[in-house]
Amino acid sequence: MADHDLNQRALVDALDEPALVIEGLTISVANPAARDLLGQAIEGRDIRLAIRQPELLEHVLSGHPGDLDVAGIGDFGRPWRVAVRALDLGTVFVRLIDRSDNLSAEKMRVDFVANASHELRTPLSAVLGYAETLADDPHLPADTIASFGRTVRDEAGRMLRIVEDLMSLSRIEADRFVAPEEMVDLRTVAKDAIANASTMRGSKKCEIVVEAPKKLPKVRGDRGQLVQLFDNLVSNALRYGCDKPGACVEVKLRAAGSRVEVSVIDHGPGIPRDHLPRVTERFYRVDEARSRESGGTGLGLAIVKHIVERHRGALAIDSKVGIGTIVTVTLPTAVNS
Ligand SMILES: Nc1ncnc2c1ncn2[C@@H]1O[C@H](COP(=O)(O)OP(=O)(O)O)[C@@H](O)[C@H]1O
Ligand SMILES: [Mg+2]
């Protein structure tokens, strides 16, 4: 065997994705991934016998370099991109690239745009409807005008909150690989968030109890984002977990090794098991009407999840129907804090 054959095999074998070298009509090299996909005995065989997928076979036989997207190779219905490149006269190099991840990311993007448009269109239609009535009918009684005006204001406010949350999400995502640099004391962050939440508490007489040790290690973080994280968790606890008389929301901070653990605890209705894995998805709500009534955008926990990811932390949601919900965020402490 010539040296270059050896190098060629070593290179093809080193690839994680299925790869083949085809000389004329014979498969001269097939790496382990290609053998797993197309059959263990394909090396040395005629491609017309080894490759059953007609489009793929035609693409390879054509001998023209190029890419082709195909499905139906191997046992699973995975989508593949087949890249054919000429190596030498009559010799081609074929690589199969698994496209499942790309396609599901693409589908998520399409769904997200559709959902966001839908979420914005609903309040926008209401604003337009009421504004048209106000503009077209000069004889409306004063209390009707006032009531329509309030609806327009509320619906426009909802749109603004959705747009602000969407902008937050995209900023957090854009900074995903930028490590946060501030040294943040989570006790002061908790205080700020609770002060913010108190303004939204309105008529609800729900106490917020904070439990934190005097000395808590600082975390390396983005202070603004961490305030937002606390804000979202505390406002969920107030919004969904404070109906019972005498109910309180607890915010607990504690050091745990090289991490700080934050728990926001409520004694509300809880989140049914089936919904739990989905509540961090954008626009996912367990009770749509309730979320809307209380001014929710359906983006709060998605924002929390992204902030936690950016901080290399962990998020756990533990909930029992009829008992309550505990959301725990664990963040790495800053070295030398
Ligand atoms: N503490 C909680 N108790 C019960 N349900 C909750 C709680 N936190 C979140 N949820 C549920 O998860 C959904 C998603 O939460 P979130 O992303 O913050 O959106 P929203 O804007 O609706 O609050 C909420 O609509 C609600 O159904
Ligand atoms: Mg929320």
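Residues numbered from 1 in each chain as written. Chains lettered and ligands numbered in written order. Predicted model: local features only at pLDDT ≥ 70, side-chain atom pairs only at ≥ 80, totals over all residues.

Some remarks on the sheet that holds strand S2 (residues 26–30)
Quick reminder of the rule: If DSSP finds at least two bridges between two strands, the strands pair. Under the DSSP-based scheme used, a helix requires at least four consecutive residues in state H or I and a strand at least two consecutive residues in state E, with every element numbered from the N terminus. For helices, the fitted line uses only the C-alpha atoms of the stretch in contact; every axis is such a line through C-alpha atoms, and the angle between N-to-C directions lies from 0 to 180 degrees.
A sheet is described by the order of its strands in space; here five strands give the open sequence S2-S1-S5-S4-S3, paired in antiparallel fashion. Since the sheet does not close on itself, it has two edges, and those belong to S2 and strand S3 (66–71), each with one partner. The mean inter-strand angle of the sheet, taken between neighbouring strand axes irrespective of direction, is 25°. Note: strand S1 (residues 19–23) against S2, four bridges, orientation antiparallel.

A word on the sheet that holds strand S7 (residues 207–211)
If you walk across this open sheet you meet the five strands as S7-S9-S10-S12-S11, and the pairing is mixed. Because the sheet does not close on itself, it has two edges, and the strands there are S7 and strand S11 (314–320). When strand polarity is set aside, the average angle formed by the axes of neighbouring strands in this sheet is 15°. Here strand S9 (residues 248–256) pairs with strand S10 (residues 259–266) via seven bridges, running antiparallel. In the strand pairing of S10, Lys252 is matched with Ser263.

Structural notes on helix H6 (residues 142–174)
For clarity, the cut-off: Helix span is expected to be 1.5 Å times the residue number reduced by one. Comment: burial labels come from other C-beta atoms within 10 Å of the residue's own C-beta, placed from the backbone, where a count of 20 or more is buried, 12 or fewer is exposed, and between is partly exposed. Throughout, a pair of residues is in contact if the C-beta atoms placed from their backbones lie within 7 Å.
The end-to-end C-alpha separation of H6 is 48 Å, in line with the 48 Å expected for 33 residues at 1.5 Å each. For H6, the complete set of buried residues consists of Glu155, Arg158, Ile162, Asp165 and Ile172. Elements that come into contact with the buried residues of H6 comprise helix H5 (100–136), helix H8 (223–240) and helix H10 (300–310).

Overview of the packing of H6 against H10
Put simply, the test is: For classification purposes, angles smaller than 35 degrees are called roughly parallel, those larger than 145 roughly antiparallel, those between 65 and 115 roughly perpendicular, and all remaining angles oblique. Left-handed describes a crossing whose near helix is turned anticlockwise from the far helix by less than a right angle; the clockwise case is right-handed. Residue polarity is assigned by list, with Asp, Glu, Lys and Arg as charged and Ala, Val, Leu, Ile, Met, Phe, Trp, Tyr, Cys and Pro as nonpolar; anything else, Gly included, falls into the polar class.
Contact pair H6 / H10: the axes reach a minimum separation of 10 Å and the direction vectors enclose 20°. Put simply, H6 runs roughly parallel to H10. Between H6 and H10 lies a crossing of left-handed hand. For the pair formed by H6 and H10, the contact residues are Asp165, Ser168, Leu169, Ile172 and Glu173 on the first element and Ala302, Ile303, His306, Ile307 and Arg310 on the second. Counted by class, the contact of H6 with H10 contains five nonpolar, two polar and three charged residues.

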